[in-house]
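# Survey of secondary and tertiary structure
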2 protein chains.
Amino acid sequence: MLERLRDAGLRPTRQRLALARLLFGGGNRHVTAEQLHAEARREEIPVSLATIYNTLNQFRKAGLLREVVVDSGRSWFDTNLENHHHFFHEATGALTDFEAEGLAVEGVPRAPAGTEIDRVEVIVRLRDAG
Amino acid sequence: MLERLRDAGLRPTRQRLALARLLFGGGNRHVTAEQLHAEARREEIPVSLATIYNTLNQFRKAGLLREVVVDSGRSWFDTNLENHHHFFHEATGALTDFEAEGLAVEGVPRAPAGTEIDRVEVIVRLRDAG
DNA sequence: CCAATAAATTAGAACGAATCTAAACTGTTG
DNA sequence: CAACAGTTTAGATTCGTTCTAATTTATTGG
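So, how was this worked out
- Per chain, residue numbering runs from 1 following the sequence as it is written.
- A letter from A marks each chain and a number from 1 marks each ligand, given out in the order of writing.
- Residue-level local features of this predicted model are given only where pLDDT is at least 70; pairs of side-chain atoms are given and counted only at 80 or more, and the full residue set underlies all totals for whole chains, interfaces and linings.
- For the side-chain quantities, the full set of heavy atoms in the structure was used; hydrogens and water were omitted.
- We call a residue near a molecule or strand whenever a single non-hydrogen atom of that residue lies within 4 Å of it.
- N or O atoms closer than or at 3.5 Å make up a polar contact, with two conditions inside protein: a donor-capable atom paired with an acceptor-capable one, and, for residues adjacent in sequence, both atoms drawn from side chains.
- Strands here mean DSSP runs of E at least two residues long; helices mean DSSP runs of H or I at least four residues long; both are numbered from the N terminus.
- Three categories are distinguished: nonpolar for Ala, Val, Leu, Ile, Met, Phe, Trp, Tyr, Cys and Pro, charged for Asp, Glu, Lys and Arg, and polar for the others, with Gly belonging to the last.
- Any Phe, Tyr or Trp ring, taking Trp's six-membered ring, that has another such ring centre within 6.5 Å forms a pair; planes under 30 degrees apart are called stacked, those over 60 apart edge-to-face, and the others tilted.
- Any Lys NZ or Arg CZ that is within 6 Å of a ring centre and within 35 degrees of that ring's normal is treated as a charge sitting over the ring.
- A pair of strands counts as paired when DSSP detects no fewer than two bridges linking them.
- Think of each axis as a best-fit line through the C-alpha atoms, taken over the contacting stretch in the case of a helix, with angles from 0 to 180 degrees between the N-to-C directions.
- Only protein chains enter the calculation, and the probe is 1.4 Å; a residue is then buried if its accessible area is under 20% of its type maximum, exposed if over 50%, and partly exposed in between.
- Alignment of the copies relies on least squares applied to C-alpha atoms, considering only residues that score at least 70 for pLDDT in both.
- It only takes one pair of heavy atoms within 4.5 Å for two residues to be counted as in contact.

### Things to note about the protein's contact with DNA strand C
Lining the immediate environment of DNA strand C, one finds 21 residues, of which T13, R16 and T51 of chain A together with Y53 and S75 of chain B sit closest. Within 4 Å of the protein, atoms of DNA strand C come from sugar and phosphate in 86% of cases. Between DNA strand C and T13 of chain A, the relevant distance is 2.4 Å, taken from a phosphate oxygen to a side-chain nitrogen or oxygen of the residue. The contact in question runs from a phosphate oxygen of DNA strand C to an N or O atom on the backbone of S48 of chain A, over 2.8 Å. Contributing elements (two or more residues each) for the surface near DNA strand C: α2 (14-24) and α4 (49-61) of chain A together with α4 (49-61) of chain B. When the residues that make up the surface near DNA strand C are grouped by side-chain class, the tally is six nonpolar, eight polar and seven charged.

Written out as structure tokens, the structure is:
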């Protein structure tokens, strides 16, 4: 973990190490800042909300996290850096990955002049079955 | 316009009529609440920001507008109800439609148990060419 | 190992988008 | 046209996020 932070050009401070362990210690996950803060408090990691925000943004800039926007009003951060897409269940706010493997997006028009395609994002919005 | 509001079950008040004209009077468009408010002020339509928000949400619920989330922090509303997708230019915040016709998304996995697919949204994120 | 320095963390203030409140106003109905 | 439900409003409030300035911590060079 220490290595990972150093490689990203980030000083391995107590807070960053602890948060990195929470984020990258298990499998892939999605968190909001508030969620991660609550989790840190539960684990008795002394860290302020400001640092949670700083750290999430630094990790994102360093390419350790991806930001997912599905929900106006808050940001999700995703530890899964593989090529993949998302289910978003509007009713519950649950966000789930699905692999890009098997999914094909064909016929994307060319980017407007002066721009190029950065990323094609697919969001599958779910509702309760009825 | 009056008809359209009545059909949607919304009383055709001064404000709603004026905003409907701004939104639906020309071609398709995208607006944020603040943008629409600024535009209304310019046209000397007396309308509060609260009413802008109320109206946009009522129009959305009535199916006259679609909400587009590309940008954490604010909501866009789109008058284009046809099946289509979006370019989003991160650098400028510009949002543009492209027709779904010609675009195929294949291999979308089945929805998790208890849910069904509401909508498959494709967002093509753009960066400056270079 | 320690002092100096630069970087990181912090509490709390501040911000912007959006919603809420309760009072005033307006469209509709009978 | 009176009564009433629905609408609009200014301003307060909420929420997520960023900023600020002071404190603390990691790194480095001696």
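What follows continues from the structure just given.
### Examining the packing of aromatic side chains
For the coordinates displayed, the defined rule picks out four aromatic pairs over all chains. Taking 4.9 Å as the distance between ring centres and 50° as the angle between the ring planes, the aromatic pair formed by F87 of chain B and F98 of chain B counts as tilted. With F87 of chain B in strand β4 (residues 84-89) and F98 of chain B in strand β5 (residues 94-99), this residue pair connects regions lying 11 residues apart in the sequence. Geometry around F24 of chain A places R4 of chain A over its ring, the cationic atom sitting 4.6 Å from the centre.

### Here's the deal with the sheet that holds β5 of chain B
Pairing is mixed across the open sheet formed by six strands, whose spatial order is β5(A)-β4(A)-β7(A)-β7(B)-β4(B)-β5(B). At either margin of the open sheet sits one strand with a lone partner, and together these are β5 (94-99) of chain A together with β5 of chain B. Ignoring strand direction, the axes of neighbouring strands in this sheet form an average angle of 30°. As paired elements, β4 of chain B and β5 of chain B share six bridges and run antiparallel to each other. Looking at the pairing, H89 of chain B lines up with A94 of chain B of β5 of chain B.

### Examining unusual backbone geometry
Residues and elements named next belong to chain A. Within the chain, E44 stands out as a residue other than glycine whose phi angle is a positive 60°. Structurally, E44 is set in the loop between α3 (33-42) and α4. Note on E44: relative accessible area 70%, which makes it exposed.

### Observations regarding the relation of the copies chain A and chain B
For the pair chain A and chain B, the superposition axis carries a translation of 0.0 Å, the fit reaches an RMSD of 0.1 Å, and the rotation angle comes to 180°. When the rotation and shift are considered jointly, the pair of chain copies conforms to a two-fold rotation axis. By residue overlap, the copies meet face to face through one surface: 100% of the interface positions of chain A are interface positions in chain B.

### Side note on the sheet that holds strand β1 (residues 30-31) of chain B
Residues and elements named next belong to chain B. Read from one edge to the other, the open sheet built from three strands follows the order β1-β3-β2, with strand pairing classed as antiparallel. The open sheet is flanked by β1 and β2 (66-68), the only strands paired with a single partner. Sheet topology places β1 next to strand β3 (residues 76-78); two bridges connect them, and they run antiparallel. For V31, the partnering residue across the bridge sits in β3 and is F77.

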